[in-house]
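Observations on chain architecture
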Amino acid sequence: MGKERRKYRRIATDQVISFAPVDTRDLLGVSRNVSPGGICFEAVGCEINLDDLLRVTFNVGEHTVVAVGRVSWATEMDPITTDVGLEFVEIDPSAIELLEEVAGVELF
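The sections below set out a description of the structure shown in this document. Just so it is clear, the model here is predicted, and its values are computed rather than measured.

Scoring rules and cut-offs
- Residues numbered from 1 in each chain as written.
- Predicted model: local features only at pLDDT ≥ 70, side-chain atom pairs only at ≥ 80, totals over all residues.
- Heavy atoms only, no water.
- Salt bridge = Lys/Arg side-chain N within 4 Å of Asp/Glu carboxyl O.
- Helix = DSSP H or I, 4+ residues; strand = E, 2+ residues; numbered from the N terminus.
- Buried < 20%, exposed > 50% of the residue type's maximum accessible area, 1.4 Å probe, protein only.
- Pairing = 2+ DSSP bridges.
- Patch = residues over 30% accessible without salt bridge, like charges linked within 9 Å, V, L, I, M, F, W, Y side chains within 5 Å.
- Areas by Shrake-Rupley, 256 points an atom, 1.4 Å probe, with all protein chains shown as cover.
- Lys, Arg positive; Asp, Glu negative; His and termini not counted.
- Charge placed at Lys NZ, Arg CZ, Asp CG, Glu CD.
- Polar contact = N/O pair within 3.5 Å; in protein donor to acceptor, adjacent residues only side chain to side chain.
- Contact = heavy atoms within 4.5 Å.

Points about the pattern of salt bridges
Going through the model one piece at a time under the given rule, you end up with 3 salt bridges. Across the pair Arg55 and Asp26 runs a salt bridge, and its minimum N-O distance is 2.5 Å. Here the residue Arg55 occupies a position in strand 5 (residues 53-60), and Asp26 occupies one in the loop between strand 2 (16-21) and strand 3 (27-35), the gap between them amounting to 29 residues. Relative accessible area serves as the criterion here: at 38%, Asp26 is assigned to the partly exposed category. Residues Arg32 and Glu42 are paired through a salt bridge, measuring 3.1 Å at the closest nitrogen-oxygen approach. Here Glu42 lies in strand 4 (residues 38-44) and Arg32 lies in strand 3, a separation of 10 residues in the sequence. Using a relative accessible area of 31% as the deciding quantity, one classes Arg32 as partly exposed. We classify Glu42 as partly exposed; its relative accessible area is 23%. Here the salt bridges share partners, and the residues they tie into one network are Asp14, Arg32 and Glu42.

A closer look at the pairing of strand 7 (residues 81-90)
With 7 of 10 residues buried, strand 7 is to be regarded as a mostly interior element. The sheet contact formed by strand 4 and strand 7 spans 7 bridges and is antiparallel. If you follow Cys40 over to strand 7, its bridge partner there is Gly85. Bridge count for strand 6 (residues 63-76) against strand 7 is 8 bridges, and the pairing is antiparallel. Bridge assignment links Gly69 to a residue of strand 7, and that residue is Phe88. Connecting strand 6 to the antiparallel partner strand 7 that follows it, the hairpin turn spans 4 residues.

Section: a negative patch on the surface
A contiguous patch of negative charge, built from Asp92, Glu97, Glu100 and Glu101, is present on the exposed surface. When you line up the elements, Asp92 lands in the loop between strand 7 and helix 1 (93-103).

Description of the side chain of Gln15
Within the fold, Gln15 resides in the loop between strand 1 (11-12) and strand 2. Of the polar contacts made by the side chain of Gln15, one reaches the backbone oxygen of Asn59; its length is 2.8 Å. Excluding residues within four positions of it along the chain, Gln15 makes contact with Gly29, Val30, Ser31, Phe58 and Asn59.

Structure below.
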């Protein structure tokens, strides 16, 4: 088994999120996991490229988080679905603390 390369522990999720290139209308996706460093989600029916800046809105418990991130990877799953890895570049420090707190709790 290989060495874990992830910097942050992932929090499994399965919730509807919104995302959009910064300064455009929101689109919908489904998050797969989130960490203090970024979010993985599934996007349907849109083109997403490496290094795109996207704004995402998602919930952590009762809290709504809005963050901006850069696409660090995007994998086409089928002709209309893309799995996206987004690294946060702008996120409220209190949201990071919340994610760190939730990640510290055993969810799996």
